[in-house]
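# Summary of structural features
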Amino acid sequence: QVQLVESGGGLVQPGGSLRLSCAASGSIFRINAMGWYRQAPGKQRELVAAISSGGRTNYADSVKGRFTISRDNAKNTVYLQMESLKPDDTAVYYCNADIVASGRYYPSGYWGQGTQVTVSS
């Protein structure tokens, strides 16, 4: 059984910062790419940022220069540092990871439960 548990969401004023964390646990053989998605009310879920097992990153245009994704492979954890937050960043943020579970040959995609980020004055 593999689980992703997110933390770090909350309410922040425009221009503020938040750091999200997502820890993977369970019977894990290998974690490939990890990433963050978000879904605002009435909108489709969209990719915010992703990071490969080797540390290569990519970002949505809307967050480039403001958000930074990183990972700690020893802790099976991915982070999203969010700076200069805007009201448009308000959404539920979901962690996603491509994981090969113990005893398996192929990876599967796993999702966290989501954490709310609200940017408002």
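That block above? That's the structure.
In this report, we go over the structure that sits alongside the text. From a predicted model like this one, the values you see are computed outputs, not experimental measurements.

## What to know about the packing of aromatic side chains
The tally for this structure, following the rule as stated, stands at 2 aromatic pairs. Measuring from ring centre to ring centre gives 6.5 Å for Tyr 94 and Trp 111, while their planes differ by 85°; the resulting arrangement is edge-to-face. A residue pair is termed long-range when its members are at least 10 positions apart, and Tyr 94 in strand 9 (residues 91-101) and Trp 111 in strand 10 (residues 108-111) qualify at 17 residues. Taking relative accessible area as the criterion, Tyr 94 reaches 15% and is therefore assigned buried. A network of ring pairs unites the aromatic residues Tyr 37, Tyr 94 and Trp 111 as a single cluster. One residue, Arg 45, lies across the ring of Tyr 94, its end atom 3.7 Å from the ring centre. Taking NZ or CZ as reference, Arg 45 lies 4.7 Å from the ring centre of Trp 111, over its face.

## Describing the nonpolar core
The tendency in soluble globular proteins is for nonpolar side chains to be buried as a group. Ranked by internal contacts, the top residues of the largest apolar core, which has 31 residues, are Trp 36, Leu 80, Met 82 and Tyr 93. Dropping the residues within four chain positions of it, Tyr 93 is found in contact with Glu 6, Leu 20, Trp 36, Tyr 37, Arg 38, Val 48, Phe 67, Leu 80, Met 82, Gly 114, Thr 115 and Val 117.

## Things to note about the sheet that holds strand 3 (residues 18-26)
Here 4 strands make up an open sheet; going across it, the order is 1-3-8-7 and the pairing antiparallel. Bordering the open sheet on either side are strand 1 (2-7) and strand 7 (67-72), each of which pairs with just one other strand. Taken over all neighbouring pairs, the strand axes of this sheet differ in orientation by 15° on average, direction set aside.

## Some remarks on unusual backbone geometry
Its identity as a non-glycine residue notwithstanding, Asn 76 has a phi of 55°, on the positive side. If you trace the backbone, Asn 76 turns up in the loop between strand 7 and strand 8 (77-82). Asn 76 sits in the partly exposed class, given a relative accessible area of 25%. Even without being glycine, Ser 84 reaches a positive phi, approximately 50°. Mapped onto the secondary structure, Ser 84 falls in the loop between strand 8 and strand 9. The exposure class assigned to Ser 84 is partly exposed, which follows from its relative accessible area of 41%.

Quick notes on the rules
- Residues numbered from 1 in each chain as written.
- Predicted model: local features only at pLDDT ≥ 70, side-chain atom pairs only at ≥ 80, totals over all residues.
- Heavy atoms only, no water.
- Phe/Tyr/Trp six-rings, centres within 6.5 Å; stacked < 30°, edge-to-face > 60°.
- Helix = DSSP H or I, 4+ residues; strand = E, 2+ residues; numbered from the N terminus.
- Buried < 20%, exposed > 50% of the residue type's maximum accessible area, 1.4 Å probe, protein only.
- Lys NZ or Arg CZ within 6 Å of the ring centre and 35° of its normal.
- Core = buried A, V, L, I, M, F, W, Y, C linked by side-chain atoms within 4.5 Å.
- Contact = heavy atoms within 4.5 Å.
- Pairing = 2+ DSSP bridges.
- Axes fitted to C-alpha atoms, helices over the stretch in contact; angles between N-to-C directions.

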